[in-house]
Amino acid sequence: DLLPRGTDGELVRQWLLQLAHAHSLNVIDVHLVSSRTGDGVETAVRAILGHRKGRDVFVLGAANVGKSLFVQAFLRTMAERDPIGVGMAQRYQPLASATPGTTLGIIALDVFSGGSRLHDTPGVHLHHRVSARLPPDDIKAVA
């Protein structure tokens, strides 16, 4: 939803992987998703479940890109396959706001069997974005 129409998603995915590896980050995979339309969510859930191997999963990204909404879509998709996910999807309702900083701390969710967790994280504030420079009332006015 944040990429301009006509953007080649595969090129964006490859660029993100190259950037992560260039900064010595151990990124296993990248999936472009739309939490609003659901595009790519099922594929991302399958990949996360396949790659996680008992490890915790962290949803990371810039402020106001839809991380909490992705977590909610993830939980809804998991609820279709796993009873643990049903209860968590019903209990965890992320706040969505035009104001950056809605998620104030890391929220650990027990959604996997075996003790590992899914973590919803606060957004990284990018100082070159307009939303980082405007007061909250002005952000609401332009959102």
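Up top is the structure these notes are about.
Please read all numbers here as calculations on a predicted model, not as lab measurements.

## Re the pattern of salt bridges
Summed over the entire model, instances satisfying the criterion amount to four salt bridges. Measuring nitrogen to oxygen at the nearest pair gives 3.2 Å for the salt bridge that ties Glu10 to Arg13. Pair noted here: Glu10 and Arg13 are both in helix H1 (residues 9-22), with a separation of three residues, about one helical turn. For Asp110, the salt bridge goes to Arg117, with nearest N and O atoms at 2.8 Å. Judged by relative accessible area, which is 43%, Asp110 ranks as partly exposed. Residues joined by salt bridges that share partners form a network here, namely Glu10, Arg13 and Asp29.

## Topic: the sheet that holds strand S1 (residues 57-59)
Read from one edge to the other, the open sheet built from three strands follows the order S1-S3-S2, with strand pairing classed as mixed. Unpaired on one side and paired on the other, S1 and strand S2 (107-109) mark the two borders of the sheet. Within the sheet, the average angular offset between the axes of one strand and its neighbour, ignoring direction, is 25°. Relative to strand S3 (residues 118-120), S2 runs antiparallel, the two being bridged by three bridges. Note on S3: the bridge partner recorded for Leu109 is Leu118. Along the sheet, helix H3 (residues 67-79) makes contact with S1, S2 and S3, crossing S3 at roughly 150°.

## What about the nonpolar core?
Judged by nonpolar contacts, the single largest core of 16 residues is most densely connected at Phe70, Val71, Phe74, Leu75, Val111, Phe112 and Leu118. For this core, the secondary-structure elements that each account for two or more residues are helix H2 (41-51), S1 and H3. With six residues, the top contributor of residues to this core is H3. Setting aside its immediate chain neighbours within four residues, Leu118 contacts Val57, Val59, Val71, Phe74, Leu75, Ile107, Ala108, Leu109, Val111 and Phe112.

Reading the values: rules and limits
Residues numbered from 1 in each chain as written. Predicted model: local features only at pLDDT ≥ 70, side-chain atom pairs only at ≥ 80, totals over all residues. Heavy atoms only, no water. Salt bridge = Lys/Arg side-chain N within 4 Å of Asp/Glu carboxyl O. Helix = DSSP H or I, 4+ residues; strand = E, 2+ residues; numbered from the N terminus. Buried < 20%, exposed > 50% of the residue type's maximum accessible area, 1.4 Å probe, protein only. Pairing = 2+ DSSP bridges. Axes fitted to C-alpha atoms, helices over the stretch in contact; angles between N-to-C directions. Contact = heavy atoms within 4.5 Å. Core = buried A, V, L, I, M, F, W, Y, C linked by side-chain atoms within 4.5 Å.

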